[in-house]
Protein chains: 2
Amino acid sequence: MRQQGLDHSLGFVMGISYRRMNQLFMTRIKSFDLTPEQWSVLYRIREQDGMIQKDIAEKSGKDKPTTTRILDSLEAKGYVTKKIGKNDRRSYHVHITEAGIQAADEIAPIEYQVLRDVSGVLTDEEYALMISMLNKLSIQAASLLEQEKE
Amino acid sequence: MRQQGLDHSLGFVMGISYRRMNQLFMTRIKSFDLTPEQWSVLYRIREQDGMIQKDIAEKSGKDKPTTTRILDSLEAKGYVTKKIGKNDRRSYHVHITEAGIQAADEIAPIEYQVLRDVSGVLTDEEYALMISMLNKLSIQAASLLEQEKE
DNA sequence: CACTTATAGTTGTTTAAACAACTAAATTAG
DNA sequence: CTAATTTAGTTGTTTAAACAACTATAAGTG
């Protein structure tokens, strides 16, 4: 029987944990003038150049408006550029700039170090279990959501 | 050796999971005109009436400005009232109203059901482990944060 | 082909988080 | 007791998330 009360609520506890980890990462990358969310988008473009926004949104776990705005800020900072599609003129291919590559390659190890530092309190097995359980929860929540929106 | 890449990043995966779960809860309580965050604050006041904002903030895992604003919205909706402290006139004691009690008591089982539905993909042991690991991570992240802000 | 529907992206609005700067009251120290 | 410091709360600003409404192009159907 699962315990009741906010202190045993997955959503509540996860929210706090997520915000704290995010905050730590943020303080460590603030010299790059990038937020963790902007980073997650830049990371995807570094990983695969030239994707259209729809694919970036999917890979980053963000919706379309959020992706549009994050890309706008990344473009304003000179980290990415948009090129309109030739075949499909509704879409934009997003390319990373030299500055973007440089920032991404400097931030990647910082993020990894944050993970190592924070998850130092977990064993490797616990860490792997955690990732797998979180993925299960996401999928389950998304599936319930879809059902309930009819 | 832990895997690298955003798809194995605790922060990234947790963010997606958190947002989806939150979204599901939100759709289920939208008829109450309350958000999950407002709920988490109202819950604390339902739990212990008359606390000052500082204590509510602490229990809800929010900072002072966020708490101020959420309490403002709860007050505007008629769910709580503020009473200035007699001994300490800097602080406000926050009390729940009848409407607040009613909403809280109706939402509590809904939240519990969301948890049961979403975490149906986990065993009871996994659920408990998850909560405990999330708490460990919060504490660790908070401790690192404090250090690094000097 | 024309017409309907789907898709890619943008814009507007509301809520919350993080941070800094601030007011006012309380506490501490000289 | 006065002056400095701490504490409780508020306000302003920026970023992101969720949602709805919108434009423009593409694809599917009669």
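As a reminder, the structure under discussion sits directly above these lines.
Overview of the structure.

About the thresholds
- Residues numbered from 1 in each chain as written.
- Chains lettered and ligands numbered in written order.
- Predicted model: local features only at pLDDT ≥ 70, side-chain atom pairs only at ≥ 80, totals over all residues.
- Heavy atoms only, no water.
- Helix = DSSP H or I, 4+ residues; strand = E, 2+ residues; numbered from the N terminus.
- Buried < 20%, exposed > 50% of the residue type's maximum accessible area, 1.4 Å probe, protein only.
- Axes fitted to C-alpha atoms, helices over the stretch in contact; angles between N-to-C directions.
- Parallel < 35°, antiparallel > 145°, perpendicular 65-115°, else oblique.
- Left-handed = near helix turned anticlockwise from the far one by under 90°.
- Contact = heavy atoms within 4.5 Å.
- Nonpolar A, V, L, I, M, F, W, Y, C, P; charged D, E, K, R; others polar.
- Least-squares fit on C-alpha atoms with pLDDT ≥ 70 in both.
- Phe/Tyr/Trp six-rings, centres within 6.5 Å; stacked < 30°, edge-to-face > 60°.
- Lys NZ or Arg CZ within 6 Å of the ring centre and 35° of its normal.
- Expected span 1.5 Å × (residues − 1).
- Buried area = accessible area lost by both parts, 1.4 Å probe.
- Salt bridge = Lys/Arg side-chain N within 4 Å of Asp/Glu carboxyl O.
- Polar contact = N/O pair within 3.5 Å; in protein donor to acceptor, adjacent residues only side chain to side chain.

## Points about the overall build of chain A
Line of reasoning, step 1. Per the secondary structure count, chain A includes 6 helices and 2 strands.
Line of reasoning, step 2. Going residue by residue from the N terminus, the α and β elements of chain A occur as α-α-α-α-β-β-α-α.
Line of reasoning, step 3. Dimensions along the principal axes, computed over C-alpha positions, put chain A at roughly 55 × 40 × 25 Å.
Line of reasoning, step 4. Counting all 150 residues of chain A, 47% fall into the buried class.

## Thoughts on the packing of helix α1 (residues 10-29) of chain A against helix α1 (residues 10-29) of chain B
Line of reasoning, step 1. At a minimum axis separation of 9 Å, α1 of chain A and α1 of chain B run at an interaxial angle of 140°. Taken together, α1 of chain A and α1 of chain B sit at an angle that is classed as oblique. In the crossing of α1 of chain A with α1 of chain B, the sense of the turn from one axis to the other is left-handed. Seen from α1 of chain A, the contacting residues are Leu10, Gly11, Met14, Gly15, Ser17, Tyr18, Arg19 and Met21 of chain A; seen from α1 of chain B, they are Leu10, Gly11, Met14, Gly15, Ser17, Tyr18, Arg19 and Met21 of chain B.
Line of reasoning, step 2. Across the contact of α1 of chain A with α1 of chain B, the residue classes tally to 8 nonpolar, 6 polar and 2 charged.

## Digging into the relation of the copies chain A and chain B
Line of reasoning, step 1. Between chain A and chain B, the superposition needs a rotation of 180° and an axial shift of 0.0 Å, giving an RMSD of 0.0 Å. In short, the pair behaves as if placed about a two-fold rotation axis.

## Description of the packing of aromatic side chains
Line of reasoning, step 1. Overall, the coordinates contain 3 aromatic pairs over all chains when judged by the stated rule.
Line of reasoning, step 2. Judged by centre distance (5.4 Å) and plane angle (70°), the rings of Trp39 of chain B and Tyr43 of chain B are edge-to-face. With a gap of 4 residues between them, Trp39 of chain B and Tyr43 of chain B both fall in helix α2 (residues 36-47), about one helical turn apart.
Line of reasoning, step 3. On the accessibility criterion, Trp39 of chain B (2% relative accessible area) is buried.
Line of reasoning, step 4. Here the guanidinium or amino end of Lys82 of chain A rests over the ring plane of Tyr92 of chain A, the centre of that ring lying 5.4 Å away.

## Thoughts on the environment of Asp33 of chain A
Residues and elements named next belong to chain A.
Line of reasoning, step 1. Relative to the helices and strands, Asp33 is located in the loop between α1 and α2 (36-47).
Line of reasoning, step 2. Asp33 sits 87 residues away from Gly120 along the chain, and the two C-alpha atoms are 27 Å apart.
Line of reasoning, step 3. In contact with Asp33, other than residues within four places in its own chain, are Gln38 and Lys77.

## With respect to the packing of helix α3 (residues 53-60) of chain B against helix α4 (residues 64-76) of chain B
Residues and elements named next belong to chain B.
Line of reasoning, step 1. Remark: α3 packs on α4, axes separated minimally by 9 Å, with the N-to-C direction vectors making an angle of 105°. Taken together, the axes of α3 and α4 lie roughly perpendicular to each other. Here α3 contributes Gln53, Ile56 and Ala57 to the contact with α4, which in turn contributes Thr67, Thr68 and Leu71.
Line of reasoning, step 2. Here the contact of α3 with α4 is built from residues that sort into 3 nonpolar, 3 polar and no charged.

## Digging into helix α6 (residues 124-148) of chain B
Line of reasoning, step 1. If you check α6 of chain B, its first and last C-alpha atoms are 36 Å apart, about what 25 residues at 1.5 Å a residue would give, namely 36 Å.
Line of reasoning, step 2. Those residues of α6 of chain B not exposed but buried are Glu126, Tyr127, Met130, Ile131, Met133, Leu134, Leu137, Ser138, Ala141, Leu144 and Leu145 of chain B.
Line of reasoning, step 3. Its buried side turned inward, α6 of chain B meets α1, α5 (98-118) and α6 (124-148) of chain A together with α1 and α5 (98-118) of chain B.

## Comments concerning the interface of chain A and chain B
By convention, interface size is frequently given as the accessible area that disappears when the constituent parts associate.
Line of reasoning, step 1. Contact residues are listed per partner, giving 63 residues for chain A and 63 residues for chain B.
Line of reasoning, step 2. Taken together, the two surfaces of chain A and chain B that pack against each other cover about 6,300 Å², and 64% of this comes from carbon and sulfur.
Line of reasoning, step 3. One can count 4 salt bridges joining chain A with chain B.
Line of reasoning, step 4. Arg28 of chain B is paired through a salt bridge with Glu148 of chain A; the nearest N and O atoms lie 2.5 Å apart.
Line of reasoning, step 5. Applying the counting criterion to the chain A and chain B interface returns 17 residue pairs in polar contact (both at pLDDT 80 or more).
Line of reasoning, step 6. Broken down by secondary-structure element, the contributors of at least two residues to the side of chain A that touches chain B are α1, α2, α3 (53-60), α5 and α6 of chain A.

By themselves, these are just geometric observations and shouldn't be taken as functional.
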